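Coordinates in review
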Amino acid sequence: MELKINRRFNEKDLPDMKTLIAEGQKIAKTVNIGESLFMKTYNVKSEAEYKRKMMEAGQIMKHSHIGWNSVSTTADGFRKIYDKLSAAGSYVDRFGVCLDGSMGVPQEYRDRIQVGTGQVYSTPDEWKILSQQVPVQVHMGDHMIGSLNSVENCVNALNAGITTIGNISHYYSYEYPGLDLESERTITTCEAIVVMGCFREQGTIIHSNLDDGMGSQFHDLANLAGWARLERYIVEELLGGGMNFCFGNLFSDPILRIIYSKAMWDINTYKTPGSMIYGNTIDFGTNIPRNYGALSSFTMADIIGQLKYPTGHAVTAIPVTEAIRVPSADEIIDSHHTVDIMIEKARYYMNFIDFGRIEEEARLLNACGNVFFERVLNGLDDLGVDITHAGQIMGVLKGIGSEQLERHFGIGKRDTLAMRGRTPVCPTNIIQTISATQDNLIGRINGLDTKPLEGINVVLGATDIHVFGKEVIKKILLVAGANVYDLGDATPVEEFADTLIETGSNFLVVSTYNGMAYSFAKAMKAKLYELHLMDVKFFMGGRLNEAIDGANLPEDVSEQLSEMGINVDNDAEMIVKTIKTYWESLQKQRV
């Protein structure tokens, strides 16, 4: 199969590396890293300095991610969480804050972006509010470096005393619908990395969540290890930054979390401390007791990993309500108390774990990952890409995508029956889980062997980069005989509409997760009406919530979507029957 590159711009037109680096260094001279209340309290100049002290002392750090969209609500929550944990003899070291997607673009474009559930800052001073509330360090991840607004957001965060900044992985996976400014995005991302690199010795950490970018789309962990090498090569060797990786969302195997953490530390050039190991959200659902079990299992492993191989990553206390709603302050506090008992008990396990086997598996991942890394760089070189130019590599890698990278350069043995033509050396947990979920559901749906949807066209996609549900539904529809047009992740309304027309499809299936269900549905319905596509059966599934009318917290919007005529059953077992029934009714009307 020929390698195809979906070029969004001509990478040869980018400024040369000397120019990019000089511009980044010029911007860095305008930065004065602020002093957060955390830094002042612990007498450190950066979060990295603090982390190194904790690593040496064998102290487990803890993290919570905050999803409230109001600065005042978040500040109140910070104080409540810190005060209640402190009073109970507990602690939290860092808070992660989610910016709204609109913050990822320059001010002049924000009216084109749907507002989600993240935070929006209007002035540089607003960036400084949260870092001065309590002695807990603030981490900025989404819509920072890797966005269209990389430089401005990076500078504002540094000036506010925030020294761990991400999320580079979003460059490859997150889109800003309606704004195709890939060249500009590449330039500002490279310049922001250079800015961070200018303060590397002072402790800046560039963060990349492998589970939140193109890395999450790999099927083989060996290739994911190679992808990490690629990101590190771009950031450190070409642009001078110091980076580490976050992962964990898609790692449900507790021991594999330790293995991968060790593998990533072994390729960490400057031993830059990590941000956090995120919680395993694969095993989270609506069953709260099961969620407590999942929280205990992955945090126990992460704690043991940090005790044996301290990497500076904080352990994330995921509230057990995470899959149901945006957690409250009290629910976050409860999750920390659960993790506290895991910290207390973890040391009892240490002498009974085969760390030799863990290190052997980590070496295997890195050995295979290095082959993938070399194959990709050689392949880019053969394509005429300047492999000493960070921007050119980034743009072309994004244009190739994870599926083609695995097919053409993957380390696994070739197998025509495998999902990507290769048998994974070490399949990711998400692929194992998706496959198991698909098989389980397919086994429960009667009559799929008769191909009830044969000849029926279905357009499928996701509003954001979370594609678990989309992949499960896709397999069910394919087994049922449907012709599925998968538009992937972060699909804009216009692309869905164009594909419906091109394929003559009467069925649209959209997966969503990031708190934009109502806005997206409203825009999609308007587009369908505009194009006279009112016969289209529209399904939406996933996390159907959004902050409505300026509310601080997202709320379930299923009822509002249903009133628009959208199917919100969120029932994978019923979708085949529903499509078949609607299709038959359409045929009768047409006769």
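This part covers helix H1 (residues 17-28). Taking 1.5 Å per residue as the helical rise, H1 with its 12 residues ought to reach 16 Å, and the 16 Å between its terminal C-alpha atoms agrees with that figure. Of the positions making up H1, those classed as buried are Met 17, Leu 20, Gly 24, Ile 27 and Ala 28. Seen along its axis, H1 keeps its buried residues to an arc of 105°; they face one direction. Exposed and facing more than 90 degrees away from the buried side of H1 are Lys 18 and Lys 26. Here the buried face of H1 lies against helix H6 (150-159), helix H8 (182-198), helix H9 (221-238) and helix H14 (390-409).

Secondary-structure assignment places Met 214 in the loop between strand E5 (205-209) and H9. Accessibility expressed as a relative area gives 3% for Met 214, which makes it buried. Distance in space between the C-alpha atoms of Met 214 and Tyr 171 is 8.9 Å, their sequence separation being 43 residues.

Turning to the pattern of salt bridges, a few remarks are in order. Summed over all chains, the structure comprises 26 salt bridges. Between Glu 403 and Arg 407 there is a salt bridge, with its nearest N and O atoms 3.3 Å apart. Of this pair, Glu 403 and Arg 407 both sit in helix H14, four residues apart, roughly one helical turn. Residue classification places Glu 403 among the partly exposed positions, given a relative accessible area of 39%. Between Asp 486 and Lys 470 there is a salt bridge, and its shortest N-O distance comes to 2.8 Å. Pair noted here: Asp 486 is in strand E12 (residues 483-486) and Lys 470 is in helix H16 (residues 468-479), with a separation of 16 residues, a long-range link. The exposure class assigned to Lys 470 is buried, which follows from its relative accessible area of 3%. A cluster of three or more residues bridged by salt bridges with shared partners is formed by Arg 8, Glu 175, Asp 180, Glu 182, Arg 185 and Lys 398.

The rules we used
Residues numbered from 1 in each chain as written. Predicted model: local features only at pLDDT ≥ 70, side-chain atom pairs only at ≥ 80, totals over all residues. Heavy atoms only, no water. Helix = DSSP H or I, 4+ residues; strand = E, 2+ residues; numbered from the N terminus. Expected span 1.5 Å × (residues − 1). Buried < 20%, exposed > 50% of the residue type's maximum accessible area, 1.4 Å probe, protein only. Arc of directions from axis to C-beta. Contact = heavy atoms within 4.5 Å. Salt bridge = Lys/Arg side-chain N within 4 Å of Asp/Glu carboxyl O.

These results come straight from atomic positions and should not be treated as a statement about function.
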